[in-house]
Amino acid sequence: MEILKKYIFSIIIMSFMIAQNKVPMSIVDLINVSSIGSPRLSPNGNFILYTLSEANWDENKRISHIWRVDKDGKNKLQMTQGENGESSPSWSPDGDSFAFISKRGSDDEEKNQIYLISNHGGEATKLTNHHTSVSNIQWSPDGKNIYFLASDPKTEEEKKKDDMKDDVYAFDENYKHRHLWKVVVEEQNVIKITNGDFSIINYKLSRDGKKIAYHRGPNPLYGYAKMQEVWAMNSDGTGMIQITDNNVPESGAKFSPDNSKILFTSFSDENFEFYFNDNLFVSSSDGANTELLLKNMPHEVNSAEWSKNGKSIIFHANTGVRTELFQVTISNQKLNQLTKGDHSIGSWSFQPKLNQMVFKINSPTNSGDLYLANLNNKFFPKKITDHFDYLNQKYLLPKQEAISWQGEDGITIEGLIYYPLNYKKGEKYPLVVQTHGGPASSDKFGFGSWSRYVQILTARDWMVFKPNYRGSTGYGDDFLRDMVGSYFNQSHLDVMTGVDYLVEKGMVDEDQMVKMGWSAGGHMTNKIITFTDRFKAASSGAGAVNWISMYGQSDVRVYRTPWFGGTPWEKNAPIDVYWNNSPLKDIYKVKTPTIILVGKNDPRVPMPQSVELYRALKSNNIPTHLYVAPREPHGWRELHHELFKVNIELDWFEKHALNKDYKWELAPKTKDKKD
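Criteria and thresholds
Residues numbered from 1 in each chain as written. Predicted model: local features only at pLDDT ≥ 70, side-chain atom pairs only at ≥ 80, totals over all residues. Heavy atoms only, no water. Helix = DSSP H or I, 4+ residues; strand = E, 2+ residues; numbered from the N terminus. Rg over C-alpha atoms; globule rule 2.2 N^0.38 Å. Buried < 20%, exposed > 50% of the residue type's maximum accessible area, 1.4 Å probe, protein only. Contact = heavy atoms within 4.5 Å. Areas by Shrake-Rupley, 256 points an atom, 1.4 Å probe, with all protein chains shown as cover. Lys, Arg positive; Asp, Glu negative; His and termini not counted. Charge placed at Lys NZ, Arg CZ, Asp CG, Glu CD. Salt bridge = Lys/Arg side-chain N within 4 Å of Asp/Glu carboxyl O. Pairing = 2+ DSSP bridges. Phe/Tyr/Trp six-rings, centres within 6.5 Å; stacked < 30°, edge-to-face > 60°. Lys NZ or Arg CZ within 6 Å of the ring centre and 35° of its normal. pLDDT = per-residue confidence, 0-100. Axes fitted to C-alpha atoms, helices over the stretch in contact; angles between N-to-C directions. Parallel < 35°, antiparallel > 145°, perpendicular 65-115°, else oblique. Nonpolar A, V, L, I, M, F, W, Y, C, P; charged D, E, K, R; others polar. Polar contact = N/O pair within 3.5 Å; in protein donor to acceptor, adjacent residues only side chain to side chain. Core = buried A, V, L, I, M, F, W, Y, C linked by side-chain atoms within 4.5 Å. Expected span 1.5 Å × (residues − 1). Arc of directions from axis to C-beta.

A few words now on the overall build of the protein. When its secondary structure is counted, the protein shows 13 helices and 36 strands. Taken over C-alpha atoms, the radius of gyration comes to 26 Å for the protein, in line with the 26 Å a tight globule of 675 residues would show. Along the longest, intermediate and shortest principal axes, the C-alpha atoms of the protein span 85 × 70 × 65 Å. Here the protein, with 675 residues, has 54% of them falling under the buried criterion. When contacts within the protein are restricted to residue pairs at least 6 apart in sequence, long-range pairs at least 24 apart make up 54% of them. As presented, the protein carries roughly 30200 Å² of accessible surface, and 47% of it is formed by carbon and sulfur atoms. Charge-centre separation for the protein: the mean point of 79 positive side chains lies 4 Å from the mean point of 82 negative side chains.

Put into structure tokens, the structure is as follows:
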């Protein structure tokens, strides 16, 4: 007994010493956190492949390589080393090798191609030398072929014109169709499967390799998603059958094990009316009958797979501040929740022959290590990788907590708060309000990313609040569709009633509050600064300010039409609805010092929206700056740009809300490329 007491005491002392040695994260520490993706269980269940994306400051970007680990978590090994990285690992049916996609060599004209490498390691073999980049690779069950998607090449005439700089193009018409191809592995020759005036957006081979379920659109452009439909065909491209004809977006189409049914998800209700939580549908293989499963489930279905025998479907769903795995029996629609916790389930894949699945779990202290679970018996996930154990061992991390409050109209709203690292009950703290993008999305438990840097903010004594305002997914259709007909109906009020709740609880110093957000979070920031002057500073990231001009500038319009009841271009257009929901309408009310950040090449919320906001604030003598990141799309990718974003926001917030000087964090030293 005395020995046991000494052992327990030593454990307590050790835990205390470890806690004492923990330090707050720096911005660079946070940017350097890697990410896992594309987990794939081998056919015999002995190995797991996955990608690990890591920050490379010398290259100013993240580079992804393929790793392999034994099913028991041992013998973790990096399998690829290409300077440009690799993606999309895919096991051969016999498990002796795997295919992947990579762009190798220094030639700027080099495209992403398929490579094959032995499971024992060694040099990879290049399987394709395609004229355009390949994507979406899948093996045929017999291992003889690998299917892939690729865009049609430019014609010789087009190439000649490019050489002469005779390259005037027709906007939104300068695309090339994307079609399905296959490479015969042994002979390395490529065969085109589909051809015509349409594009294959995505596809999935049936388990016997005889059929293909696919998504087909009039072109590959993102803005035409509602015109993409579910189709089916034989694996040689014959026998094309249209399954859906509904003018709403669908995704994830897959044949059942016996090829009698096709599942897919759609952002619609059972009548295929648009703008609902993503639902799960099952259609007959000829498209004659389609059924919505789980009509009364409030969650958002993100992705789904047929079970081993096809009698049930496994799916990944957003439940609000969490994402979980579920299984539904088709015959009686009995729902079984497989995972449960204050976490977010990330990338996952299912190996039907083994009835096993691998997935990542993102928690407040772990950025997404892999877990393995067996559906043959009690579902008990086993942790496989340990890439992110160091985060909780080395760093002080904030406590996360789900809270709920009453909206202005009495509806219950949910969100997350992140406590300052040195939080003391009864004291008031400065507050950062962060609103998520989408807006058809939600903030969830998890480690988070560099872009919202809660670990940095809480280390600097800020409390962080993330409200899942009206329009968020995972809370039922009425909650989501509150935006239909009026974007800013209850959404901004939900944010502010949440702030009031924290103030009333005595947790927040309301004289030291700031507001930030990106994309739809930027839209919300732009609205909030016209609605109230309670925030001492704000940062608007890639946000819309004028819905009329935004409708025409953005590469996507399908989600915006329901918000305002039509297009701004139709007869009797609802221009008043567009304008009344545009923050620009009330920009004269703004008193909050606001910085604006945007990527120069952002197609989703293009730079002109940020310019309109900047011009308006500047002319009204509101302290402001517009920061434009060259080369960046909607989400910034270059490491130095990411570091700048965090630094400039912290500088702005602490200057205006705390009256403090902020010392900028510097990037790590990198190699001189001239050497």
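Another point: the pattern of salt bridges. A complete count under the given rule lists 25 salt bridges for this structure. With a closest N to O distance of 3.2 Å, Lys126 and Glu110 form a salt bridge. You can see Lys126 sitting in strand E8 (residues 125–126) and its partner Glu110 sitting in the loop between strand E6 (97–102) and strand E7 (113–118), a full 16 residues away along the chain. Its relative accessible area of 30% is what places Lys126 among the partly exposed residues. Here Glu110 falls in the buried class, since its relative accessible area comes to 16%.

The sheet built from four strands is open, its strands ordered E1-E2-E3-E4 with antiparallel pairing. Single-partner strands in this sheet number two, and they are strand E1 (35–41) and strand E4 (77–78). Here E1 runs beside strand E2 (residues 47–56); their pairing, made up of five bridges, is antiparallel. Counted as the bridge partner of Leu41 is Ile48 from E2.

Another point: the pairing of strand E19 (residues 274–284). Moving residue by residue along a regular strand, the side chains alternate between the two faces of the sheet. Counted residue by residue, E19 has eleven buried out of eleven residues, so it is predominantly covered. In this sheet, E19 lies alongside strand E18 (residues 261–268) in antiparallel orientation, the contact comprising seven bridges. Note that in E19 the partner of Ser266 across the bridge is Asn279. In this antiparallel pair of consecutive strands, E18 and E19, the connection spans five residues, and Phe272 shows a positive phi of 60°. Alignment of E19 against strand E20 (residues 290–293), held across four bridges, turns out to be antiparallel. The residue of E20 that forms the bridge with Val282 is Glu291. The loop that links E19 with its antiparallel partner E20 comprises five residues; one of these, Gly287, has a positive phi angle of about 80°.

It is worth spelling out the sheet that holds E7 at this point. A sheet is described by the order of its strands in space; here four strands give the open sequence E5-E6-E7-E8, paired in antiparallel fashion. On the outer flanks of this sheet lie strand E5 (86–91) and E8, each paired with one strand and no other. In the sheet, E6 pairs with E7 via six bridges, with the strands oriented antiparallel. Note that in E7 the partner of Phe100 across the bridge is Tyr115.

What follows is about the packing of aromatic side chains. For the structure on display, the rule yields 35 aromatic pairs. When the centroid spacing of 6.5 Å and the interplanar angle of 15° are considered together, the rings of Phe359 and Tyr371 count as stacked. With Phe359 in strand E26 (residues 356–363) and Tyr371 in strand E27 (residues 366–374), this residue pair connects regions lying twelve residues apart in the sequence. Comparing Phe359 with Tyr371, the two get one shared label, buried. Clustering of aromatic rings is evident, with ring pairs tying together Phe267, Phe274, Tyr275, Tyr487, Phe488, Trp547, Tyr551, Tyr559, Trp563, Phe564, Trp569 and Tyr578. Sitting over the ring of Tyr115, Arg104 keeps its end group 5.1 Å from the ring centre. The lysine or arginine in question, Arg216, covers the ring of Phe198, its NZ or CZ lying 3.8 Å from the ring centre.

Before going further, it helps to examine the confidence of the model for the protein. Summary statistics for the protein give a mean pLDDT of 95 and a share of 96% for residues scoring 70 or more. The low-confidence segment residues 11–17, where pLDDT is below 50, has zero contacts with residues more than four positions distant or belonging to other chains.

Moving on to the packing of helix H7 (residues 491–504) against helix H8 (residues 520–531). A pair of packed helices is characterised by two quantities: the angle between their axes and the separation of those axes. H8 packs onto H7 with a crossing angle of 70° between their chain directions and a minimal axis gap of 10 Å. In terms of axis orientation, H7 runs roughly perpendicular to H8. Along the contact surface, H7 presents Ser491, His492, Leu493, Val495 and Met496, while H8 presents Met524, Lys527, Ile528 and Phe531. Classifying every residue of the contact of H7 with H8 by side-chain character gives six nonpolar, two polar and one charged.

With that out of the way, let us pick up the environment of Val248. Within the secondary structure layout, Val248 lies in the loop between strand E16 (241–242) and strand E17 (250–255). Sequence separation between Val248 and Arg604 is 356 residues; the distance between their C-alpha atoms is 19 Å. Beyond its immediate stretch of four places on either side in the chain, Val248 contacts Lys226, Gln228, Ser266, Ser268, Phe272 and Phe274.

Assignment of secondary structure puts Thr323 in strand E23 (residues 323–329). Among the residues examined, Thr323 registers a relative accessible area of 4% and is labelled buried. At 2.7 Å, the side chain of Thr323 forms a polar contact with the backbone nitrogen of Ile345. Not counting chain neighbours up to four residues away, the residues in contact with Thr323 comprise Asn302, His316, Ala317, Asn318, His343, Ser344, Ile345 and Lys444.

Within the largest apolar cluster, 54 residues are counted, with the highest numbers of intra-cluster contacts made by Met25 and Tyr453. The dominant element in this core, judged by the number of residues it contributes, is helix H13 (residues 639–657), at eight residues. By size, the runner-up hydrophobic cluster in this structure holds 53 residues, among which are Ile243, Phe274, Val503 and Val605.

The end-to-end C-alpha distance of helix H12 (residues 607–619) is 18 Å, a good match for the 18 Å that 13 residues give at a rise of 1.5 Å each. Taken together, the buried positions of H12 are occupied by Gln609, Ser610, Leu613, Tyr614, Ala616 and Leu617. The buried residues of H12 occupy an angular sector of 165° when projected down its axis, which confines them to one face. Turned more than 90 degrees from where H12 packs its buried face, Arg615 and Ser619 sit exposed. Buried residues along H12 sit in contact with H8, strand E34 (537–541), helix H9 (547–553), strand E35 (594–599) and strand E36 (624–629).

A few words on unusual backbone geometry. Cis geometry is adopted by the peptide bond preceding Pro439, which originates at Gly438 and carries an omega value of 0°. The residue Pro439 is located in the loop between strand E31 (429–435) and helix H5 (454–459) in this model. At Tyr275, a position not held by glycine, the phi torsion is positive, near 75°. Relative to the helices and strands, Tyr275 is located in strand E19.

End to end, H7 covers 20 Å across 14 residues, agreeing with the expected 20 Å (1.5 Å per residue, within 8%). Taking burial as the measure, the 14 residues of H7 include eleven buried ones, the bulk of the element. Along H7, the positions that sit buried rather than exposed are Ser491, His492, Leu493, Asp494, Val495, Met496, Thr497, Gly498, Val499, Leu502 and Val503. As for H7, its buried residues are in contact with strand E29 (400–406), strand E30 (412–418), E31, strand E32 (463–468), strand E33 (508–518) and H8. One or two residues past the end of H7 sits Gly506, with phi positive at roughly 75°.

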